Amino acid sequence: MATSSALFSVLLLSLLSLSVALKPPNKPHAFILPIEKDPATLQYSTSIDMGTPPVTLDLVIDIRERFLWFECDNAYNSSTYHPVPCRSRKCKQAKGTDCITCTNHPLKTGCTNNTCGVQPFNSFAEFFVSGDMGEDTLSSMYSTDGATALSNTHVPSFLSSCVYPDKFGVQGFLQGLAKGKKGVLGLARTAISLPTQLATKYKLDHKFALCLPSASKKNGFGDLFVGGGPYHLPPHDASKFLVYTPLIINPHSTGPIFDDDPSTEYFIDVKSIKVDGKVVNFNTSLLSINKQGDGGTKLSTVIPHTKLHSLIYQPLVNDFVKKAGVRKIKRVTAVAPFGACFDSRTIGKTTIGPAVPTIDLILKGGVQWRMYGANSMVKVAKNVLCLGFVDGGLEPGSPIATSIVIGGHQLEDNLLEFDLVSSKLGFSSSLLLHNAKCSHFKVF
């Protein structure tokens, strides 16, 4: 009898073990990637692994680029790579432009003469190159069930583009990217961007969030979240800090590939600008997108400092200088590319940066995005701080002239949530108001 009881116990334990083993893994609630800032170029990047065996890719983040692309060479020899055929459904999703042959692109594992060709864009050097579209395993991703982070989640059949070094006379396609970076992680509003692919594959909320760090990685990482919150910023859930404004669609393509489709970039509806509570006087029609697609306000992770149309920039600088004068802040000789610089010894210090006039973007619905000294001022030399906005000219951009392009410095230590279903942007304003930074998220 004792023997039968023991056997039953062993059998029961075996069944329980089998049940646990067969239990499907928890569905990812979201994915998280670390963001680091390069102090030399002021670019923001993250790292992923691609292929089998995995190759580590350090990629610069560009919310304008349409997909993930990377430079591959003989070191990339993946057994899980599959080319995307020309004229296939996935090629159409990628807006493939031509067919790539093995003669032109001999390095790729599994190369065929019927591979979907695309045109990756280097926003930092501003040129295209030929690349092919393929599927491979994305790994070294961090997934969360809403409470804990799990490393090395594998994402099969991820669409990306491989570009080839020194092909077609194009030397150094990675030109302009921070040292050691191997490509670009595109986050635009497209069918094959990282957020869209992950949301579709794992049935996540179709949203992503950025928290760009203000310092280099030795002082901590920022984070890219795909799939929604909560955003744990102990002791807070930072999603509670978010205020929302619509993401608007520019009906005209703004590149990098110009076609008949609406822009895939992220525009917001700025109605006016205030300096220390006073409305800046300029032609507000520049804030609207006209019939040609010109005007309006968009966000960028590529340019380091916000660019303004000259007819907005000059009044803003003039009002800022006047308000700074009221505070007895001494103006000094300007340092390019900035138009207004000050003696930092005449500027007080606060937990939200230098004590300078605030700049408010008044958005649709009456909400405001306030920028304090940490996001408005840039240190350029000992005892010299400059207003960190630059003159974009009378016809900023080409061929589409966007009036305001909000750059990386103004986005740092702000939590930004891009909700692509509801088409709205959540923004926290400076996390410094809560004695926090983007590098304080307790994930990595």
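Bear in mind that the values here come from a model prediction, so they are computed numbers and not experimental data. Going along each chain's sequence as written, the residues are numbered from 1 onward. The predicted nature of this model means local features are confined to residues of pLDDT at least 70 and side-chain atom pairs, given and counted, to a pLDDT of 80 or more, with totals for whole chains, interfaces and linings taken over all residues. For the side-chain quantities, the full set of heavy atoms in the structure was used; hydrogens and water were omitted.

Visitor: For the layout of surface pockets, give the residues involved together with the corresponding values.
Guide: The definitions used throughout rest on a 1 Å grid laid over the protein atoms alone, on which a cavity is an enclosed set of points accommodating a 1.4 Å probe that cannot get out and a pocket is an open set flanked by protein within 12 Å on both sides along at least five of seven lines; lining residues are those having an atom within 4 Å of a point. Grid points are joined across faces, edges and corners, and a volume is the space filled by probe spheres set on the points. Roughly 330 Å³ of volume is contained in the second largest pocket. In terms of lining residues, the second largest pocket is bounded by 16 residues, among which Ser344, Lys349, Pro354, Lys379 and Leu385 are the most central. Only strand 25 (349-350), strand 26 (353-354), helix 5 (373-376) and strand 29 (377-381) provide two or more residues apiece to the lining of the second largest pocket. In this description a helix means any DSSP run of H or I spanning at least four residues, a strand means any run of E spanning at least two, and both kinds are numbered starting from the N terminus. In terms of residue count, strand 29 provides more of the lining of the second largest pocket than any other element does, three residues in total. Residues belonging to the lining of the second largest pocket are distributed by class as follows: six nonpolar, seven polar and three charged. Residue polarity is assigned by list, with Asp, Glu, Lys and Arg as charged and Ala, Val, Leu, Ile, Met, Phe, Trp, Tyr, Cys and Pro as nonpolar; anything else, Gly included, falls into the polar class.

Visitor: Tell me about the sheet that holds strand 20 (residues 278-279), and name the residues and values.
Guide: The strands that make up a sheet are held in pairs by hydrogen bonds between backbone atoms, and each pair lies either parallel or antiparallel. By definition, two strands form a pair when at least two bridges between them are found by DSSP. If you trace the four strands from one edge of the open sheet to the other, you get 20-19-27-28, paired in antiparallel fashion. Taken across any chain shown, the strands that pair with only one partner, and hence form the sheet edges, are strand 20 and strand 28 (368-371). In this structure, strand 27 (residues 359-363) lies alongside strand 28, joined through four bridges in antiparallel fashion. Bridge pairing in strand 28 links Ile359 to Met371. Across the sheet, helix 4 (residues 310-326) is in contact with strand 19 (270-275), strand 20 and strand 27; its angle to strand 19 comes to roughly 30°. Any two residues whose heavy atoms approach within 4.5 Å at even a single point are treated as in contact. Axis angles are defined between N-to-C directions and span 0 to 180 degrees, where every axis is a line fitted to C-alpha atoms and, for a helix, only to the segment in contact.

Visitor: I'd like a rundown of the nonpolar core, residues and numbers included.
Guide: To define a nonpolar core, start from buried Ala, Val, Leu, Ile, Met, Phe, Trp, Tyr and Cys residues and group those joined through side-chain atoms within 4.5 Å. Buried, partly exposed and exposed residues are distinguished by accessible area as a fraction of the type maximum, computed with a 1.4 Å probe on protein chains only: under 20%, between the cut-offs, and over 50%, respectively. If you look at the biggest cluster of nonpolar residues, it comprises 73 residues, and the most contacted ones within it are Leu194, Leu224, Ile273, Leu299, Trp369 and Phe418. Among the elements that make up this core, the one with the highest residue count is helix 4 (seven residues). Within the second largest apolar cluster, 17 residues are counted, among which are Val129, Val163, Phe173 and Val184.

Visitor: Tell me about empty space enclosed by the protein, and name the residues and values.
Guide: Scanning all chains against the criterion turns up two cavities of 30 Å³ or more. As a volume, the largest cavity reaches approximately 50 Å³. Forming the boundary of the largest cavity are Ile273, Thr306, Leu308, Leu316, Ile359, Leu361, Met371, Phe389, Ile404 and Ile406. Among the elements of the structure, strand 22 (306-308), strand 27 and strand 32 (404-406) are those that each provide at least two residues to the lining of the largest cavity.

Visitor: A description of the sheet that holds strand 29 should follow, citing residues and the corresponding values.
Guide: Read across the open sheet, the four strands follow the order 23-24-30-29; overall the sheet is antiparallel. Whereas interior strands pair on both sides, the edge strands pair on one side only; in this sheet they are strand 23 (331-332) and strand 29. In terms of strand pairing, strand 24 (residues 341-343) meets strand 30 (residues 384-387) through three bridges, oriented antiparallel. Each bridged residue has a counterpart across the sheet, and for Asp343 the counterpart in strand 30 is Val384. Most of the contacts of helix 4 go to strand 24, to which it runs at about 15°, and overall it touches strand 23, strand 24, strand 29 and strand 30.

Visitor: Describe helix 3 (residues 194-202), and please don't skip the residues or the numbers.
Guide: Where burial is concerned, most of helix 3 is hidden: seven out of the nine residues are buried. Within two residues after helix 3, Lys203 carries a phi angle of roughly 55°, on the positive side.

Visitor: Break down the pairing of strand 7 (residues 115-118) for me, with residues and values.
Guide: Here strand 6 (residues 98-100) runs beside strand 7; their pairing, made up of three bridges, is antiparallel. Looking at strand 7, one finds that Asp98 is bridged to Gly117. As judged from the two bridges shared by strand 7 and strand 10 (residues 131-144), these two strands associate in the antiparallel manner. Pairing of Gly117 across the sheet is with Asp132, part of strand 10.

Visitor: Got a sec to walk through the packing of aromatic side chains? Specific residues and values, please.
Guide: A pair of aromatic rings is counted whenever rings of Phe, Tyr or Trp (Trp by its six-membered ring) have centres within 6.5 Å, and the orientation is called stacked for planes under 30 degrees apart, edge-to-face for over 60 and tilted otherwise. Applying the stated rule across the entire model yields eleven aromatic pairs. Consider the rings of Phe208 and Tyr266, whose centres lie 5.9 Å apart with planes at 65°: the pair is edge-to-face. Highlighted residues: Phe208 in strand 13 (residues 207-211) and Tyr266 in the loop between strand 17 (243-248) and strand 18 (267-268), separated in sequence by 58 residues. Classification of Tyr266 as buried rests on a relative accessible area of 0%. Feature note: the residues Trp69, Phe127 and Phe173 constitute an aromatic cluster, connected by ring pairs. Throughout this description, the term charge over a ring refers to an Arg CZ or Lys NZ atom that lies within 6 Å of the ring centre and within 35 degrees of the ring normal. We note Lys424 situated over the ring of Tyr244; from NZ or CZ to the ring centre the distance is 4.5 Å.

Visitor: Break down the side chain of Gln197 for me, citing the residues and quoting the values.
Guide: Looking at the element boundaries, Gln197 is found in helix 3. Any N or O atom pair separated by 3.5 Å or less is treated as a polar contact, with the protein-specific requirement of one donor-capable and one acceptor-capable atom, and with residues adjacent in sequence counted only for side-chain atom pairs. Within the structure, the side chain of Gln197 is placed 2.9 Å from the backbone oxygen of Ile192, a separation counted as a polar contact. Excluding its chain neighbours within four sequence positions, the residues that come into contact with Gln197 are Ser157, Phe158, Leu159, Ala191 and Ile192.

Visitor: Let's hear about the side chain of Ser88: which residues, and what values?
Guide: Here Ser88 lies in the loop between strand 5 (82-83) and helix 2 (89-93). For Ser88, the side chain forms a polar contact with the main-chain oxygen of Pro85, separated by 2.8 Å.

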